[in-house]
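The primary structure of each chain is shown beneath.
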Amino acid sequence: MPPVPHLMTLADLTGPQISRVINHAHHLKQVSLPWLDPQYSKSYGKRARLRMPSQSLFNKSIALLFSKRSTRTRLAAETASLLLGGRALFLGQDDIQLGVNESARDTAMVIGGMCQGIFARVGDHSEIEELAKYSPVPVLNALSSLWHPTQILADLLTLHEHAHLFDADAKQPPVDSHYRTAPLAKLRPLTVAYVGDSANVLHDMLVTYPRLGHSLRVATPPQAAYQAPEPVWERVKQLGCDKKIWWGTDPREAVHGADVVVTDTWISMGQELEKEQRLKDFQGYQVTEALCKEGGANPDWKFLHCLPRKQHEVDDDVFYGERSLVFPEAENRKWTIMAAFDLLFGKWDMTSTTAPV
Ligand code: CP
Ligand code: NVA
């Protein structure tokens, strides 16, 4: 038997492997969208001519082991599993014995006997490492204290889909004869600014963007609590990503030359008791037109946010304005999670670099 593949962070994949997942997500999106279109649903004849998305989860069940709230990640996982022919089972923390009567080890063994994959959202990152250590089926990180890999897959797909906004010459390449859907447009090297807390979303950006040719500029408040933890820096340095990261405390400096500005919540799930202190410490970090103008961002800068969003992180003008890509980004959680499920749970084939069959 091959070793069970798991994905804890995008640091576990090479740059070409990450690009392959993004391209596969784009392919699955093109193939799946017509099935969801009411125009096609009306006519059996038209539907019969549609291509089927991968059915690698046919007759398979995926456990969504979530100890924290979720809107996007859960919806994406449930709807993507359906399109792949399988079923996702939501197991919230009040539904199962884990953490009260039963260990992670026993839970992983039991789920692994009945399901073909575990998509887990946990508190401390060590909890998902423990599940992966004992699980006989692949474990995919749906968010932990350290990492949020599937979020960055969606962000990258969204940026590729909007490549023409950053480069007037970016064109869709010709249809690939093997894959038979138009591949994604190439993205020119971007300057991506992140203004906010050093949390799971930023951490997966740090280990990913530099390897795909993009530069990162980060501003967090100066206190130790808002710096990247040692295990994250170790991975960043091991991968040589630090050479393309500028890190400071001034949000204006961070957005200098930015093509994309990104933020996340200032109060991650589980940090609710720190709310008052955090709101004080993050004063001046709200993403606004004025901040980006003063800092000298690219006049055509675009905005990303993983959601859920609070107004103190980004004002309404930016969040609901023309620069914002947040709702296509949210939808792309589905297509990228579908690609990750297909490759990891359906095919055990996350680490290849050629188009999946
Ligand atoms: N972005 C994200 O992970 O959203 P949810 O917490 O709603 O899943
Ligand atoms: N950093 C946030 C991300 C939510 C999607 C959190 O952990 O709550």
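The structure presented is a predicted model; accordingly, all values stated were derived computationally and were not measured.

Each value, and the rule that gives it
- Residues numbered from 1 in each chain as written.
- Chains lettered and ligands numbered in written order.
- Predicted model: local features only at pLDDT ≥ 70, side-chain atom pairs only at ≥ 80, totals over all residues.
- Helix = DSSP H or I, 4+ residues; strand = E, 2+ residues; numbered from the N terminus.
- Rg over C-alpha atoms; globule rule 2.2 N^0.38 Å.
- Buried ≥ 20, exposed ≤ 12 C-beta atoms within 10 Å, placed from the backbone.
- Near = placed C-beta within 6 Å.
- Nonpolar A, V, L, I, M, F, W, Y, C, P; charged D, E, K, R; others polar.
- Domains from an automatic or database assignment.
- Core = buried A, V, L, I, M, F, W, Y, C linked by C-beta atoms within 7 Å.
- Contact = placed C-beta atoms within 7 Å.
- Pairing = 2+ DSSP bridges.
- pLDDT = per-residue confidence, 0-100.
- Axes fitted to C-alpha atoms, helices over the stretch in contact; angles between N-to-C directions.
- Left-handed = near helix turned anticlockwise from the far one by under 90°.
- Right-handed = clockwise from strand over helix to strand, strands pointing away.
- Arc of directions from axis to C-beta.
- Expected span 1.5 Å × (residues − 1).

## Some words on the overall build of the protein chain
Check the secondary structure of the protein chain and you find 15 helices and 9 strands. In terms of overall dimensions, the protein chain is globule-like: its C-alpha atoms have a radius of gyration of 20 Å, near the 21 Å expected for 357 residues. Once the C-alpha set of the protein chain is aligned to its principal axes, its extents read approximately 55 × 55 × 40 Å. Residues counted as buried form 47% of the 357 residues belonging to the protein chain.

## Section: the site of ligand 1
Neighbouring residues of ligand 1: Ser70, Thr71, Arg72, Thr73, Leu143, Gln151, Cys306, Leu307 and Pro308. The class makeup of the residues in the shell around ligand 1 is 4 nonpolar, 4 polar and 1 charged. Counting only domains with at least three residues in the shell around ligand 1, you end up with domain 1 (10-148 + 333-346) and domain 2 (163-324).

## A look at the site of ligand 2
The immediate surroundings of ligand 2 are formed by Leu143, Ala199, Asn200, Val201, Asp264, Thr265, Ser268, Met269 and Cys306. Tallied by class, the residues present in the shell around ligand 2 amount to 5 nonpolar, 3 polar and 1 charged.

## Remarks on the nonpolar core
By size, the foremost hydrophobic cluster in this structure holds 99 residues, and its most contacted members are Ile118, Val261, Met338 and Phe341. At 10 residues, the largest contribution of residues to this core is made by helix H15 (residues 326-346). Formed jointly, this core draws a minimum of three residues from each of two domains, domain 1 (10-148 + 333-346) and domain 2 (163-324). For phenylalanine 341, the contacting residues outside a window of four places in its chain are Leu57, Ile62, Ala80, Ser81, Leu84, Gly117 and Gly346.

## Observations regarding the pairing of strand E8 (residues 260-263)
In the case of a regular strand, side chains alternate between the two sheet surfaces. On E8, burial covers both faces: Val260 and Val262 on one face and Val261 and Thr263 on the other are all buried. One ladder, built from 3 bridges, connects strand E5 (residues 191-195) with E8; its direction is parallel. Looking at the pairing, tyrosine 194 lines up with valine 262 of E8. Relative to strand E9 (residues 302-305), E8 runs parallel, the two being bridged by 4 bridges. Counted as the bridge partner of valine 262 is leucine 304 from E9.

## Concerning the confidence of the model for the protein chain
When pLDDT is averaged along the protein chain, the result is 95, and 98% of the positions lie at 70 or above. Under the prediction, the complex receives an ipTM of 0.99, its pTM being 0.97.

## Quick look at the packing of helix H7 (residues 149-161) against H15
With their axes 8 Å apart at the nearest point, H7 and H15 run at an angle of 115° to one another. Of the two possible hands of crossing, H7 and H15 adopt the one that is right-handed. For the pair H7 and H15, contact is made by Thr150, Leu153, Ala154, Asp155, Leu157, Thr158 and Glu161 and by Pro328, Glu329, Asn332, Arg333, Trp335, Thr336, Ile337 and Ala340, respectively. Classifying every residue of the contact of H7 with H15 by side-chain character gives 7 nonpolar, 4 polar and 4 charged.

## A short note on the pairing of strand E1 (residues 61-66)
The buried fraction of E1 is high, at 5 of 6 residues. Viewed along the sheet, the connection from E1 through helix H4 (residues 72-83) into strand E2 (residues 87-92) turns out right-handed. When E1 meets strand E3 (residues 117-121), the two strands line up parallel, connected through 5 bridges. From the neighbouring strand, phenylalanine 66 faces E3, where its bridge partner is arginine 121.

## Some words on the domain arrangement of the protein chain
Per the domain assignment, the segments making up the protein chain are domain 1 (10-148 + 333-346) and domain 2 (163-324). For domain 1 versus domain 2, the separation of C-alpha centres amounts to 25 Å. On the domain 2 side, the residues contacting the 21 residues of domain 1 number 20 residues. Sorting elements by how many residues they give to the side of domain 1 that touches domain 2 places helix H1 (residues 15-32) first, with 9 residues. The residue inventory of the side of domain 1 that touches domain 2, partitioned by class, reads 8 nonpolar, 10 polar and 3 charged.

## Quick word on helix H5 (residues 104-114)
The α-helix advances 3.6 residues per turn, and as a result positions three or four apart in sequence lie on the same side. Among the residues making up H5, those that are buried are Ala104, Thr107, Ala108, Ile111 and Gly112. Looking straight down H5, one finds that the buried residues subtend no more than 130° of arc, so they occupy a single side. Within H5, the exposed residues directed more than 90 degrees away from the buried face are Gly113 and Met114. Of the surrounding elements, those touching the buried residues of H5 are E1, E3 and helix H6 (125-134).

## A look at unusual backbone geometry
Each neighbour pair has its own omega, and for leucine 307 with proline 308 the value is 5°, a cis peptide bond. Its location among the elements puts proline 308 in the loop between E9 and helix H14 (316-319). Residue asparagine 59 is not a glycine yet carries a positive backbone phi of 70°. In the Ramachandran plot, leucine 143 falls in the positive-phi region, its phi being about 135° despite a non-glycine side chain. The topology assignment puts leucine 143 in the loop between strand E4 (139-141) and H7. According to the C-beta neighbour criterion, leucine 143 is buried, with 28 such atoms within 10 Å.

## Thoughts on H7
For H7, which comprises 13 residues, the first-to-last C-alpha distance of 19 Å matches the rise-based estimate of 18 Å (1.5 Å per residue) to within 8%. In terms of burial, H7 is a largely internal element, 13 of the 13 residues being buried.

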